Amino acid sequence: MALSAEEFRRMMRRYPAAVTVITTGQAPDRAGMTATAVMSLSMEPVQLVCAINRSTYTHERLVRHGRFCVNVLERGQIAVAKLFSGQGGMMGDARFGDEAWTVAPSGVPMLKGAVLAFDCRLAQCVDAGTHTLVIGEVEAGCGTQAVQPLLYLDGAWARAEKVAEPA
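What this report covers is the structure whose coordinates are included nearby. Keep in mind that what you see is a predicted model, and the values were worked out from it rather than measured. Here the residue index of a chain counts from 1 through its sequence in written order. pLDDT decides what is reported in this predicted model: residues at 70 or higher carry local features, side-chain atom pairs at 80 or more are listed and counted, and totals for whole chains, interfaces and linings draw on all residues regardless. For the side-chain quantities, the full set of heavy atoms in the structure was used; hydrogens and water were omitted.

### Regarding the sheet that holds strand 6 (residues 67-72)
Piece 1. The pairing criterion for strands is at least two bridges between them, as found by DSSP. Here a helix means four or more residues in a row that DSSP labels H or I, a strand means two or more in a row labelled E, and each is numbered from the N terminus. What the seven strands build is an open sheet, ordered 3-2-6-9-10-5-4; its pairing is antiparallel. Because the sheet does not close on itself, it has two edges, and the strands there are strand 3 (31-35) and strand 4 (38-43). Neighbouring strand axes in the sheet, compared pairwise and without regard to direction, differ in orientation by 30° on average.
Piece 2. In the sheet, strand 2 (residues 20-24) pairs with strand 3 via five bridges, with the strands oriented antiparallel. Bridging from a neighbouring strand, I22 pairs with M33 of strand 3.
Piece 3. Running over the sheet, helix 2 (residues 57-65) touches strand 2, strand 3, strand 5 (46-53), strand 6, strand 9 (116-128) and strand 10 (131-143) and is turned about 50° from strand 2.
Piece 4. Strands in contact with helix 3 (residues 78-87) are strand 2 and strand 3; relative to strand 3, the strand with the most contacts, it is inclined by about 115°. Axis angles are defined between N-to-C directions and span 0 to 180 degrees, where every axis is a line fitted to C-alpha atoms and, for a helix, only to the segment in contact. Contact between two residues is taken to exist if any of their heavy atoms lie within 4.5 Å; hydrogens are not considered.

### Thoughts on the side chain of S42
Piece 1. Positionally, S42 belongs in strand 4.
Piece 2. Polar contacts here mean pairs of N or O atoms no more than 3.5 Å apart (in protein, one a potential hydrogen donor and the other a potential acceptor; neighbouring residues in sequence count only if both atoms are side-chain atoms). Polar side-chain contacts of S42 include one of 3.3 Å to the backbone nitrogen of E44.
Piece 3. Of the polar contacts made by the side chain of S42, one reaches the backbone oxygen of P45; its length is 2.8 Å.

### Some points on the layout of surface pockets
Piece 1. Method remark: on a 1 Å grid restricted to protein atoms, a set of points is classed as a cavity if a 1.4 Å probe fits but cannot get out and as a pocket if it is open with protein on both sides within 12 Å along at least five of seven lines; lining residues have an atom within 4 Å of a point. Grid points are joined across faces, edges and corners, and a volume is the space filled by probe spheres set on the points. Taken as a whole, the largest pocket holds about 1300 Å³ of empty space.
Piece 2. Taken together, the residues of the lining of the largest pocket sort by class into 23 nonpolar, eight polar and two charged. Amino acids are sorted into nonpolar (Ala, Val, Leu, Ile, Met, Phe, Trp, Tyr, Cys and Pro), charged (Asp, Glu, Lys and Arg) and polar (every other residue, Gly among them).

### A few points about the pairing of strand 5
Piece 1. Pairing geometry for strand 4 and strand 5, over five bridges, is antiparallel. Of the residues in strand 5, the one forming a bridge with S42 is Q47.
Piece 2. Between strand 4 and strand 5, which follow one another and run antiparallel, lie two residues.
Piece 3. Across seven bridges, strand 5 lies against strand 10 in antiparallel orientation. Within strand 10, the position partnered with I52 by the bridge is T132.

Read these as layout, nothing more, since geometry by itself doesn't imply function.
So this is what it looks like as C-alpha cells:
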C-alpha cells in the first residue's frame, strides 16, 4: 500500500532536523531561506546536499550565483529561522537588514553566531520531484562548540541534548 503525501508529511514531522538558513548572492541581490533538508554527501571531495523547492525565491538566485552558505542555526536564533521562512513578510535583500551578518570567503552572506557555516560552490543540481538537490562543494567552513544547534521537531522548535558520551 502506497504512503499518501499527507501520511509522509506527518511522519517526517517526527524526524528531528537541524535548522539552517541557506544564503546566496551579494548586496543588493542577496537571498536566503530556512531549510532542514541538508546533509553531508562526500568526504572526497567535501560535499553536502540541500533539497530546495524550485518555486522558492532563493532557488533561482542560488543557481544563478553558483555560490551559497549553509548556516546551522543556534538555539537562540529562532527569530532568524522565522524571518527566512517568510514569517517576517520580507523578501530577498531586506532579510539581511540587521548586524547579524558577515561575508563568507566566497562573498555570500554568513550568519554571525551560527553553530556551523559551510561556504559552498555549486557543483551540481539534480531535479527530484518538486525540489532540486543542490550539491555544494564545501570550500570553507567555521563553527563553534560553545552553542547548541536549533532543531525542528513535530512542528516546533527543539534543542539537542546529549544523553550519553559516545563510546
